[in-house]
Amino acid sequence: MSGMASAQVLGSTLFGALLLAACAAPRPYGEGVGLHTLFSGGYRAVTHDDFDGHAVYGLELVTREPESGWGYELGASYGTEDAGGARAHSAEFEQFSFGLRRSWQPEGSSARPYLAFGGAREVIEQRLHAPRAEFDERGGAAYVRGGVLWDLGRYAFDRGTEVVVGVDVRGQAGDDQDSVQLALVLGFGR
């Protein structure tokens, strides 16, 4: 096979692989796609010039296509922290994230481990107390996370609804700060 023919075969193979990957993207909704609402609470350790870490609370919507185990996650989190020192100040940490999640449902087990990755938009609203001043830091970040959700069983308050609890660990590298977060999760969905 000539060099030109090899390049054409390679090019058409790569094009086919990209087309297959695009067609295999998880559906965000539809028949059979599961949707869970997850509430989380935990602690986030940060590497920032002024702050070390704080309690964090979050809300997420997570989809899961049962055939592939892939889905999407859309979330928001909030935390506050006070920093002492020569110029005492406080901050509110707001984060909005979007990513892809792969979860597994081992047969005969109520545990559902998952891995996810995506991007986040962060806003840190800082307030200096003396003299009084306010300013924002805005930036982007990439994250990787993993965890396990346990199905507590189906409950009769709404047929087919499952209640889940779990543990989530998230690492993030961003413009203004890097962080590691550990959270407990409570959620419900189908």
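Just so you know, these numbers come straight off a predicted model, no measurement behind them. (Residues numbered from 1 in each chain as written. Predicted model: local features only at pLDDT ≥ 70, side-chain atom pairs only at ≥ 80, totals over all residues. Heavy atoms only, no water.)

Trainee: Is there a simple way to think about the pattern of salt bridges in this case?
Mentor: As enumerated under the stated definition, the model contains 10 salt bridges in all. Put simply, arginine 145 and aspartate 168 hold a salt bridge, and the shortest N to O gap is 2.9 Å. Taken together, the residues span a long stretch of sequence, with arginine 145 in strand S6 (residues 132-154) and aspartate 168 in strand S7 (residues 162-174) at a distance of 23 residues. If you follow the salt bridges from partner to partner, you end up with Glu60, Glu73, Arg101, Arg145 and Asp168 in one network. (Salt bridge = Lys/Arg side-chain N within 4 Å of Asp/Glu carboxyl O. Helix = DSSP H or I, 4+ residues; strand = E, 2+ residues; numbered from the N terminus.)

Trainee: Please explain the packing of aromatic side chains as it appears in this structure.
Mentor: Centre distance and the angle of the planes are the two values used to describe a pair of aromatic rings. Tallied over the full model, the rule gives 3 aromatic pairs. Measuring from ring centre to ring centre gives 5.5 Å for phenylalanine 51 and phenylalanine 93, while their planes differ by 85°; the resulting arrangement is edge-to-face. Of this pair, phenylalanine 51 sits in the loop between strand S1 (34-47) and strand S2 (53-64) while phenylalanine 93 sits in strand S4 (residues 89-103), and the two are 42 residues apart along the sequence. Phenylalanine 51 sits in the buried class, given a relative accessible area of 0%. What makes phenylalanine 93 buried here is its relative accessible area of 2%. Between tyrosine 72 and phenylalanine 98, the ring centres sit 5.9 Å apart and the planes meet at 15°, which makes this aromatic pair stacked. Of this pair, tyrosine 72 sits in strand S3 (residues 70-83) while phenylalanine 98 sits in strand S4; the two residues are 26 residues apart in sequence, bridging distant segments of the chain. Assessed through its relative accessible area of 47%, phenylalanine 98 is described here as partly exposed. Seen from the ring of tyrosine 114, arginine 101 lies directly overhead, with NZ or CZ sitting 3.9 Å from the centre. Across the ring face of tyrosine 143, the terminal group of arginine 170 is positioned such that the distance to the ring centre comes to 3.9 Å. (Phe/Tyr/Trp six-rings, centres within 6.5 Å; stacked < 30°, edge-to-face > 60°. Buried < 20%, exposed > 50% of the residue type's maximum accessible area, 1.4 Å probe, protein only. Lys NZ or Arg CZ within 6 Å of the ring centre and 35° of its normal.)

Trainee: Teacher, can you tell me more about the pairing of S4 here?
Mentor: Across a regular strand the side chains alternate sides, sitting on one face of the sheet and then on the other. The pairing of S3 with S4 spans 14 bridges and is antiparallel. Note on S4: the bridge partner recorded for glutamate 81 is alanine 91. Relative to strand S5 (residues 111-129), S4 runs antiparallel, the two being bridged by 15 bridges. Each residue of the ladder has a partner; that of glutamate 94, found in S5, is valine 123. (Pairing = 2+ DSSP bridges.)

Trainee: Where do I start with the environment of aspartate 168 in this structure?
Mentor: With relative accessibility at 1%, the residue aspartate 168 sits in the buried group. Apart from the residues lying within four places of it in its own chain, the contact partners of aspartate 168 are Tyr114, Arg145, Gly146, Gly147, Gln181, Leu182, Ala183 and Val185. Within polar-contact distance, the side chain of aspartate 168 engages the side chain of tyrosine 114 at 2.5 Å. (Contact = heavy atoms within 4.5 Å. Polar contact = N/O pair within 3.5 Å; in protein donor to acceptor, adjacent residues only side chain to side chain.)

Read these as geometric descriptors, not functional statements.
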